[in-house]
Amino acid sequence: MKTPDRFVVTVEGRDLELSNLDKVMYPAAGFTKGEVIDYYTRIAPVMLPHLRDRPATRIRFPNGVDGMHFFEKNKPGGTPDWVRLETLPVPGSTKSRETIEFVVVDDLPTLVWLANLAAIELHTPQWRIGADPDLMVVDLDPGAPAGLRECCAVATLMRDRLAADGIDAYPKTSGKKGMQLCCPISGTQDSEVVSAYAKKVADELAAMVPGSITAKMAKAIRPGKIFIDWSQNAAAKTTVTPYSLRAGEGPTGSAPLTWDEVIAMATGEVEARQFGAGEVLERVEEHGDLMAALSEPGPAVPVSYRRRS
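Counting restarts for each chain, with residues numbered from 1 along the sequence as it is written. Only residues with pLDDT of 70 or above have their local features reported here, since the model is predicted, and side-chain atom pairs are shown and tallied only from 80 upward, although totals for entire chains, interfaces and linings are computed over all residues. Here the side-chain values reflect all heavy atoms present in the structure, with hydrogen atoms and water set aside.

- Labelled according to an unreviewed UniProt entry, the protein chain appears under the name DNA ligase D polymerase domain-containing protein, originating from Actinoplanes missouriensis.

Listed below in structure tokens is the structure:
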């Protein structure tokens, strides 16, 4: 027997039981679980291409963003038999597991099912299942009092440096403090090659502007600087997926940007800020998917940065 807070809906031919839609997930904003599901349903046309064929790591907040949360890689209990699962190796697992059955979000029913489980954040690796990395990610993390505006200034420097090697960069906000640049690359090199190249470029920029940029992980030297986190390209790392919601005071999303917007934020012409869920949806209506080109392979990273045998 179904209670009033549980009911079945059909999504693209799949029956899903939704529950507790009135539960407040973002207390400061009054944003409910039903609104989380609605956001993911509406953003799905542009988000699913970035999730497809990538094992998804979820961050679940069963009692809202102010409550306990946990990272989840393995399939949860009660996973429907129609959800795509992939058994993949997990070297260095903290739970000493050799493999994990990952959920792969290839369709709208799976995305809605995860949203109903309070999987507010979705993170994916820089590779598709069965392939080498097809993305290089540059994570720009501001150390207070530096913020998103300073990240945007560094992003333009990084864009120009990568362009010199023929690599395109597509910017997005992180949905929290900073931003990322996502760069399509050829799927013919392993993560160590990509990480080595990203580190080389990060070190170059840090040497160029040492007062504003660091490529070192030590938190003690980050205040007032932008940390270029090249390590995001390690095989075991994931990055928040474009358009994913983030857990914070309000329901912000990881929003793709135009380079004109990045420059305007860097110069102070417009406010450098994160975007709320409604704004992300409005931006998609205006721009479409600003990261659609990520589905097309880019060039290989320069051979000069390949690992020596």
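Moving on from the coordinates now.
Description of the sheet that holds strand β11 (residues 170–173)
Moving on, step 1. The five strands lie next to each other as β11-β12-β10-β14-β13, forming an open sheet whose pairing is mixed. A strand with exactly one partner marks an edge of an open sheet, and here the two such strands are β11 and β13 (213–214).
Moving on, step 2. Pairing analysis gives four bridges linking strand β10 (residues 135–142) to strand β14 (residues 226–229), with the strands arranged antiparallel. By the bridge assignment for β14, Asp139 is matched with Asp229. Should DSSP find at least two bridges between two strands, the strands are regarded as paired. To qualify as a helix, a DSSP run of H or I must reach at least 4 residues; to qualify as a strand, a run of E must reach at least 2; elements of each kind are numbered from the N terminus.

Considering unusual backbone geometry
Moving on, step 1. Cis rather than trans, the peptide bond between Ala144 and Pro145 has omega equal to 10 degrees.
Moving on, step 2. In the Ramachandran plot, Asp53 falls in the positive-phi region, its phi being about 65 degrees despite a non-glycine side chain.
Moving on, step 3. The residue Asp53 is located in the loop between α1 (33–51) and β5 (55–60) in this model.
Moving on, step 4. Burial classes: relative accessible area under 20% of the type maximum marks a residue as buried, over 50% as exposed, and values in between as partly exposed (1.4 Å probe, protein chains only). Look at Asp53 and you get partly exposed, because its relative accessible area is 28%.
Moving on, step 5. Unusually for a residue other than glycine, Ala118 sits at a positive phi of about 65 degrees.
Moving on, step 6. Note that Ala118 resides in the loop between α2 (108–116) and β9 (119–124).

Quick notes on the side chain of Asn116
Moving on, step 1. Looking at the secondary structure, you find Asn116 in helix α2.
Moving on, step 2. Overall, Asn116 belongs to the buried group, its relative accessible area being 10%.
Moving on, step 3. A polar contact of 3.1 Å, which involves the side chain of Asn116, links it to the backbone oxygen of Glu17. Throughout this description, a polar contact denotes any pair of N or O atoms lying within 3.5 Å of each other; where both atoms belong to protein, one of them has to be capable of donating a hydrogen while the other can accept it, and for residues adjacent in sequence the pair is counted only when both atoms sit in side chains.

Points about the nonpolar core
Moving on, step 1. Within this scheme, the nonpolar core is defined by two criteria: the residues are buried Ala, Val, Leu, Ile, Met, Phe, Trp, Tyr or Cys, and they are joined through side-chain atoms within 4.5 Å. Judged by nonpolar contacts, the single largest core of 79 residues is most densely connected at Tyr40, Ile43 and Met179.
Moving on, step 2. Here the element with the most residues in this core is α1; it accounts for 10 residues.
Moving on, step 3. Residue-level mapping places this core at the junction of two domains, with at least three residues from each of domain 1 (6–124) and domain 2 (135–295).
Moving on, step 4. Every residue in contact with Tyr40, bar those within four places of it in the chain, is listed here: Met47, Leu108, Leu111, Ala115, Ala119, Ile120, Glu121, Leu122, Tyr243, Ser244 and Leu245.
Moving on, step 5. Core analysis: the second largest hydrophobic core is formed by five residues, Leu135, Val137, Cys182 and Met291 among them. Boundaries between domains were set according to an automatic or database domain assignment. Any two residues having at least one pair of non-hydrogen atoms within 4.5 Å are treated as being in contact.

Digging into the domain arrangement of the protein chain
Quoted interface sizes are often the accessible area lost when the parts come together.
Moving on, step 1. If you check the domain split of the protein chain, you get domain 1 (6–124) and domain 2 (135–295).
Moving on, step 2. Each of domain 1 and domain 2 has a C-alpha centre, and these two points are 24 Å apart.
Moving on, step 3. Taken residue by residue, the interface counts 22 residues in domain 1 and 23 residues in domain 2.
Moving on, step 4. As used here, buried area is the combined drop in accessible area, with a 1.4 Å probe, of two parts when they are placed together. Of the roughly 2100 Å² buried at the junction of domain 1 and domain 2 (both faces included), carbon and sulfur atoms supply 64%.

Describing the packing of aromatic side chains
Moving on, step 1. Aromatic pairs are defined between Phe, Tyr and Trp rings, using the six-membered ring for Trp, whenever the two ring centres lie within 6.5 Å; interplanar angles under 30 degrees are classed as stacked, those over 60 as edge-to-face, and all others as tilted. Tallying each qualifying case throughout the model produces two aromatic pairs.
Moving on, step 2. Aromatic side chains Tyr26 and Phe31 sit 5.7 Å apart centroid to centroid with 80 degrees between the ring planes, which places their arrangement in the edge-to-face category. Both residues of the pair, Tyr26 and Phe31, belong to the buried class.
Moving on, step 3. Residue placement shows Lys199 over the ring face of Trp230; its charged tip is 5.6 Å from the ring centre. Sitting over a ring, as applied to charges here, requires NZ of Lys or CZ of Arg to be within 6 Å of the ring centre and within 35 degrees of the ring normal.

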